[in-house]
Amino acid sequence: MDYTLQREKRKTLMMKILPDGTLLVKAPLHLPEQAVVQFVEQHKEWAQRQLAQALERKKLREAFQYLDGQAVPYLGRLLPLATGTAAVLPDRILLPAEGRPEALAALYKKEALRYLSARTAFFARRFGFSYASVSVGSAKTVWGTCDGKNRIRYSFRVMALPEAAADYIVVHELCHTLHKNHGAAFWQAVDAILPEHRRLRAMCREWERKILF
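No experiment lies behind these values; they were computed from the predicted model shown.

(A) How the structure looks around the sheet that holds strand S10 (residues 151–155). Spatially, three strands are ordered S8-S10-S9 in an open sheet, and the strand pairing comes out mixed. The open sheet has two edge strands, strand S8 (133–137) and strand S9 (144–146), and neither has a second partner. If you compare each strand with its neighbour and ignore which way they point, the axes differ by 20° on average. By the bridge criterion, three bridges tie S9 to S10 in an arrangement that is antiparallel. Within S10, the position partnered with threonine 145 by the bridge is arginine 153. Running over the sheet, helix H4 (residues 163–175) touches S9 and S10 and is turned about 150° from S10.

Now the structure itself:
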């Protein structure tokens, strides 16, 4: 099975399907190639299922035309598009008649910076986290990142998730201010705040399929 290998400072193997349908395998720096091949073979059926789903989502994204009446997810609600000055209303999302892909991204970025900045500050105050800044980008393959200087950056697509799932992303990144990997200590920190984090992670995957932009 074809895959792209990415070696990095990590202890375990993992694989994921990228939006373009590529199977990405992340491996420890010095792990023998044969161990990677065996890992891929052991998880071949899972990868094939995920690849089929990714290709189906790709087809749906290509067919999405930003037309009035087409729905987009916003904080766990599917809101239809309508024509007007870009804004999120309780029952619809307004976009101008022209340049809709760019307008939708800009609107989500604006809303994400407002909403996620507030939620990050809330959880930081409540649980004693310290972070440097919050920003919003357009990443498609990750919900958020926290760098070595504790600068948190979210994808504007987090705004598609239900509020509880978006809070999980916030807590996830705040816990990275203390633990820069996904080791046991990191997950213990997440679990202490959100014991239901496994369910919320599954919710993120479920809603990810509905994001066509």
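(B) The packing of aromatic side chains, seen in detail. In the structure shown here, the tally under the stated rule is eight aromatic pairs. Geometrically, the ring pair formed by tyrosine 108 and phenylalanine 156 is edge-to-face, given 6.2 Å between the ring centres and 70° between the ring planes. Highlighted residues: tyrosine 108 in helix H3 (residues 100–127) and phenylalanine 156 in the loop between S10 and H4, separated in sequence by 48 residues. For the pair tyrosine 108 and phenylalanine 156, a shared accessibility class is recorded, and that class is buried. The ring centre of tryptophan 207 lies 3.8 Å from the NZ or CZ of lysine 210, which sits over that ring.

(C) Expanded view of the layout of surface pockets. As a volume, the largest pocket reaches approximately 2,000 Å³. When contributions to the lining of the largest pocket are tallied by element, the ones reaching two or more residues are strand S2 (14–17), helix H2 (44–63), S9, H4 and helix H6 (197–208). No other element matches the six residues that H2 contributes to the lining of the largest pocket. Classifying every residue of the lining of the largest pocket by side-chain character gives 18 nonpolar, eleven polar and 16 charged.

(D) Quick look at the sheet that holds strand S3 (residues 23–28). The sheet built from three strands is open, its strands ordered S1-S3-S2 with mixed pairing. Both edges of this open sheet fall to strand S1 (4–8) and S2, since each of them pairs with a single strand only. For this sheet, the mean angle separating the axes of adjacent strands, direction not counted, is 25°. Where S2 and S3 come together, four bridges link them in antiparallel fashion. Its bridge partner being in S3, isoleucine 17 is matched across the sheet by leucine 23. On the sheet, H2 packs against S2 and S3 and is oriented at approximately 25° with respect to S2.

Rules used in this analysis
All residue numbers here refer to positions counted from 1 along the written sequence of the relevant chain. Local features are withheld for residues below a pLDDT of 70 in this predicted model, meaning they are given only at 70 or higher, and side-chain atom pairs are given and counted only at 80 or more; totals for whole chains, interfaces and linings count all residues. The side-chain figures draw on all heavy atoms in the structure; neither hydrogens nor water molecules are used. Two strands pair under a simple rule: DSSP has to find at least two bridges between them. Helix and strand definitions follow DSSP, with helices as H or I runs of at least four residues and strands as E runs of at least two, each counted in order from the N terminus. Lines are fitted to the C-alpha atoms to define the axes, a helix being fitted only along its stretch in contact, and any angle between axes, read from their N-to-C directions, falls within 0 to 180 degrees. Contacts were defined at the residue level, with two residues in contact if any of their heavy atoms lie within 4.5 Å. Each Phe, Tyr or Trp ring (for Trp, its six-membered ring) is paired with any other whose centre lies within 6.5 Å, and the angle between the two planes then decides the class: stacked below 30 degrees, edge-to-face above 60, tilted in between. The rule is simple: take the accessible area with a 1.4 Å probe, protein chains only, and divide by the maximum for that residue type; under 20% is buried, over 50% is exposed, in between is partly exposed. Cation placement over rings: the criterion is NZ of Lys or CZ of Arg within 6 Å of the ring centroid and within 35° of the ring normal. Here the term cavity refers to a set of points on a 1 Å grid, laid over the protein atoms alone, in which a 1.4 Å probe fits but cannot get out; the term pocket refers to an open set having protein on both sides within 12 Å along at least five of seven lines, with lining residues being those that place an atom within 4 Å of a point. Grid points are joined across faces, edges and corners, and a volume is the space filled by probe spheres set on the points. Three classes are used, and their members are as follows: Ala, Val, Leu, Ile, Met, Phe, Trp, Tyr, Cys and Pro are nonpolar, Asp, Glu, Lys and Arg are charged, and the others, Gly among them, are polar.

Everything listed is a geometric property; what it means functionally is a separate question.
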